[in-house]
Structure formats: C-alpha cells, structure tokens
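Examination of the molecular architecture
Single-letter residue listing:
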Amino acid sequence: MAALTRPRDWGHRPLRRSGGRMIGGVCAALAGRFGTSATTMRVIFLVSCLLPGPQFLLYLALWLLLPAEKPASTAW
C-alpha cells in the first residue's frame with residue numbers, strides 16, 4: 001500500500017508587483033516565482049514570440065489571472 005504524501009509545495013503564488021513592471025508585471029511575477037531576473041524572463045518571452053504559438057494570448061491571460069500585489073498599508 002502506497003503511503004499518502006503531501007503535494008509538492010510550490011512556494012508562494014506569483015503576484016504582479018507594482019515595482020519592476022514594464023507593461024503588466026507578468027514577466028516580473030514569473031521571474032520572482034522561478035528565481036530569475038525580470039530581464040531574463042523578458043528576453044525568454046521575446047525569443048519565444050519568434051516561435052509559432054499563442055505566447056501573446058498566454059501573456060494576456062496571465063495579466064488577467066495573476067492577482068496584483070496589494071499596496072503596503074500606511075501606519076495611520
């Protein structure tokens with residue numbers, strides 16, 4: 001009988017950050033999730049746009065689906 005195991009912990013959920021964004025913050029959110037720089041993720045995205053596929057539609061979908069980072073509250 002196989003033992004029940006917990007699902008793999010993927011860490012935190014990616015958030016579209018208010019800082020470091022160029023257009024929608026999707027590449028910055030994915031870079032934070034995968035531990036790379038935002039510039040590296042942007043280059044990967046631009047190179048992937050040279051290949052056939054729905055990369056631009058995927059970017060738009062992630063822009064809509066990824067939650068935005070909540071602004072820091074003040075001490076008032």
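Reading guide: rules and limits
Residues numbered from 1 in each chain as written. Predicted model: local features only at pLDDT ≥ 70, side-chain atom pairs only at ≥ 80, totals over all residues. Heavy atoms only, no water. Helix = DSSP H or I, 4+ residues; strand = E, 2+ residues; numbered from the N terminus. Buried < 20%, exposed > 50% of the residue type's maximum accessible area, 1.4 Å probe, protein only. Contact = heavy atoms within 4.5 Å. Areas by Shrake-Rupley, 256 points an atom, 1.4 Å probe, with all protein chains shown as cover. pLDDT = per-residue confidence, 0-100. Axes fitted to C-alpha atoms, helices over the stretch in contact; angles between N-to-C directions. Left-handed = near helix turned anticlockwise from the far one by under 90°. Nonpolar A, V, L, I, M, F, W, Y, C, P; charged D, E, K, R; others polar.

Focus on the overall build of the chain
Each helix and strand in the chain was counted, giving 3 helices and 0 strands. Helices (α) and strands (β) of the chain occur, in sequence order from the N terminus, as α-α-α. The burial tally for the chain puts 18% of its 76 residues in the buried class. Restricting the contact set of the chain to residue pairs at least 6 apart, pairs at least 24 apart contribute 47%. Total accessible area computed for the chain in this model is approximately 6,400 Å², and 69% of it derives from carbon and sulfur atoms.

A word on the confidence of the model for the chain
Chain-level pLDDT for the chain is 76 on average; 64% of the residues reach the 70-or-more range. Taking the mean pLDDT of every element in the chain, the minimum, 84, falls on helix α1 (residues 26–34) and the maximum, 90, on helix α2 (residues 38–48).

Some details on the packing of α1 against α2
Contact geometry of α1 with α2 gives a least axis separation of 8 Å together with a crossing angle of 115°. Crossing handedness for the pair α1 and α2: right-handed. Within the contact between the two elements, α1 uses C27, A28, L30, A31 and F34 and α2 uses A38, M41, R42 and F45. The class makeup of the residues in the contact of α1 with α2 is 8 nonpolar, no polar and 1 charged.

Re the environment of E69
As for its position among the elements, E69 is in the segment after α3 (55–65). Owing to a relative accessible area of 33%, E69 belongs among the partly exposed residues under this scheme. Along the backbone, E69 and G25 are 44 residues apart, and their C-alpha atoms lie at a distance of 10.0 Å.

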